[in-house]
Number of protein chains: 2
Amino acid sequence: MQFSKSTGYALHALIHLALSERGHNIGIKPLATSLGVSESYLSKIMSKLRQDGIVRAVTGASGGYELARSADQITFLEVIHVIEGRQQLFECLNGNAHLQKEFSAIADLSGRKECLVQKVMNGAELQMQQYLQANTIQSVIDSGSIE
Amino acid sequence: MQFSKSTGYALHALIHLALSERGHNIGIKPLATSLGVSESYLSKIMSKLRQDGIVRAVTGASGGYELARSADQITFLEVIHVIEGRQQLFECLNGNAHLQKEFSAIADLSGRKECLVQKVMNGAELQMQQYLQANTIQSVIDSGSIE
DNA sequence: TCTATTGTAGATCTCTAATATCCATTATAG
DNA sequence: CTATAATGGATATTAGAGATCTACAATAGA
Ligand code: SF4
Ligand code: SF4
């Protein structure tokens with residue numbers, strides 16, 4: 001289990017945009033060159049970020065990308081969600097439909113909708129998400145502001 | 001990004017073993033049937049758990065698996081590490097060898113070995129790991145003891 | 001208006017890791 | 001001995017990530 005390379009590229013591209021002057025578009029070419037990735041591939045990633053309202057894109061001559069909001073309004077969690085999707089890290093094996101009596105005590109206890117295995121795994125994910133939500137693109141620019 | 005199905009099977013198999021009487025081996029057949037997975041596949045997973053000292057295996061007639069330690073000594077984190085491997089969730093894009101001046105402020109500041117992007121991503125992973133370390137197979141059996 | 005520039009979207013290809021199965025071998029209880 | 005059961009290696013299958021190409025749409029500036 002690892003974060004995809006796309007997530008890494010997205011985060012780095014956003015930092016790049018955040019470090020440039022405001023109101024100044026950066027094209028896919030310098031961005032791709034700087035990150036060491038192809039323009040075609042990075043443009044897919046940037047499109048996703050645009051569709052989710054994280055960056056603005058301007059087509060045509062002297063176009064390019066810029067942040068759609070200030071860097072401190074873009075959390076790591078949101079970027080990761082856009083690129084990786086929003087499914088849970090842990091997927092229940094049988095959709096909570098337990099037939100085995102051994103597991104019924106764990107899964108169905110007092111009609112809970114989340115079994116104890118899921119409670120642990122989802123709890124762990126939540127811990128990570130809270131941290132990722134507390135840190136923004138601005139956090140890595142102001143070296144002091146990492147939570 | 002998701003936990004592999006193997007990790008789910010491993011956790012569920014361990015809970016199964018923990019719920020059975022002590023000193024009583026459980027074979028791969030009932031285990032696989034109960035989890036709804038093939039014997040061949042599950043046996044690979046069990047072998048990994050054995051190599052890491054989480055379960056004991058007995059070959060031959062009336063053999064099978066049992067926990068190698070008490071259930072409260074088997075953390076979620078350890079099981080996940082055995083099955084998923086121990087690489088970090090976030091992999092640095094260029095092995096910290098930065099040429100682009102825009103990133104040098106973030107990556108190389110005061111000769112740190114971990115850049116600020118990595119600091120956030122690894123920090124997030126650590127949050128999750130601490131939670132997974134605090135919860136054991138016993139936690140899901142004693143419904144009250146989830147951290 | 002014309003043209004060069006630049007992002008968009010769809011199709012498609014490759015590559016890797018996860019998933020899954022099969023079989024020959026080893027070990028052990030009875 | 002023999003039936004049983006785990007092991008390790010080889011191998012097949014699949015899904016998703018990674019990557020590229022091309023036709024198209026939009027825009028700035030000549
Ligand atoms: S024990 Fe929980 S996570 Fe596992 S299959 Fe049942 S409901 Fe799903
Ligand atoms: S900014 Fe940090 S994570 Fe990104 S490539 Fe540089 S050293 Fe690696």
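Anyway, here's the lowdown on the structure attached to this text.

Rules used throughout
Residues numbered from 1 in each chain as written. Chains lettered and ligands numbered in written order. Predicted model: local features only at pLDDT ≥ 70, side-chain atom pairs only at ≥ 80, totals over all residues. Heavy atoms only, no water. Least-squares fit on C-alpha atoms with pLDDT ≥ 70 in both. Contact = heavy atoms within 4.5 Å. Buried area = accessible area lost by both parts, 1.4 Å probe. Salt bridge = Lys/Arg side-chain N within 4 Å of Asp/Glu carboxyl O. Helix = DSSP H or I, 4+ residues; strand = E, 2+ residues; numbered from the N terminus. Near = heavy atom within 4 Å. Polar contact = N/O pair within 3.5 Å; in protein donor to acceptor, adjacent residues only side chain to side chain. Nonpolar A, V, L, I, M, F, W, Y, C, P; charged D, E, K, R; others polar. Buried < 20%, exposed > 50% of the residue type's maximum accessible area, 1.4 Å probe, protein only. Lys, Arg positive; Asp, Glu negative; His and termini not counted.

1. Quick word on the relation of the copies chain B and chain A
Okay, step 1: Between the two copies, chain B and chain A, the superposition gives an RMSD of 0.0 Å; the rotation angle is 180° and the shift along the axis is 0.0 Å. Taken together, the rotation and translation relating the two chain copies correspond to the operation of a two-fold axis. Relative to the rotation axis, the C-alpha of Met-128 of chain B is the closest in chain B, positioned 2.5 Å from it.
Okay, step 2: The residues that chain B uses at the interface reappear at the interface of chain A in 100% of cases, marking a shared surface.

2. Focus on the interface of chain B and chain A
Okay, step 1: Between chain B and chain A, the residue contacts involve 42 residues of the former and 43 residues of the latter.
Okay, step 2: Taking both partners together, chain B and chain A bury about 4500 Å²; carbon and sulfur atoms supply 78% of that area.
Okay, step 3: By the criterion of area lost to chain A, the three top residues of chain B are Met-1, Leu-93 and Val-120 of chain B, representing 17% of everything that side buries.
Okay, step 4: Remark: the boundary between chain B and chain A carries zero salt bridges.
Okay, step 5: Looking at the side of chain B that touches chain A, the elements that each hand over two or more residues are helix H1 (5–19), helix H2 (28–35), helix H4 (76–84), helix H5 (101–107) and helix H6 (116–134) of chain B.
Okay, step 6: In terms of residues, the side of chain B that touches chain A owes the most to one element, H6 of chain B, which gives twelve residues.

3. Focus: the protein's contact with DNA strand C
Okay, step 1: Around DNA strand C, the structure places 27 residues, and the nearest of them are Lys-44, Arg-50 and Tyr-65 of chain A together with Lys-5 and Ser-38 of chain B.
Okay, step 2: Counting only the atoms of DNA strand C that lie within 4 Å of the protein, the sugar and phosphate share comes to 67%.
Okay, step 3: In this structure, a base oxygen belonging to DNA strand C sits 3.0 Å away from a main-chain N or O atom of Ala-61 of chain A.
Okay, step 4: Sorting the residues of the surface near DNA strand C by element identifies helix H2 (28–35), helix H3 (39–51), strand S1 (55–58) and strand S2 (64–67) of chain A together with H1 and helix H3 (39–51) of chain B as the ones contributing at least two each.
Okay, step 5: Ranked by the residues each element gives to the surface near DNA strand C, the list is headed by H3 of chain A, at four residues.
Okay, step 6: Here the surface near DNA strand C is composed, by residue class, of seven nonpolar, 15 polar and five charged.

4. Description of the side chain of Glu-84 of chain A
Okay, step 1: Mapped onto the elements, Glu-84 of chain A comes out in helix H4 (residues 76–84).
Okay, step 2: Put simply, Glu-84 of chain A is tucked away with no salt bridge, and the nearest opposite charge, on Lys-48 of chain A, sits 8.8 Å away.
Okay, step 3: Reaching out from Glu-84 of chain A, the side chain makes a polar contact with the side chain of Thr-7 of chain A at a distance of 2.6 Å.
Okay, step 4: A polar atom in the side chain of Glu-84 of chain A sits 3.2 Å from the backbone nitrogen of Met-1 of chain B.
Okay, step 5: Discounting residues that sit within four places of it in the chain, Glu-84 of chain A has contacts with Phe-3, Ser-4 and Thr-7 of chain A together with Met-1 of chain B.

Functional significance is not addressed by these values, which are geometric in nature.
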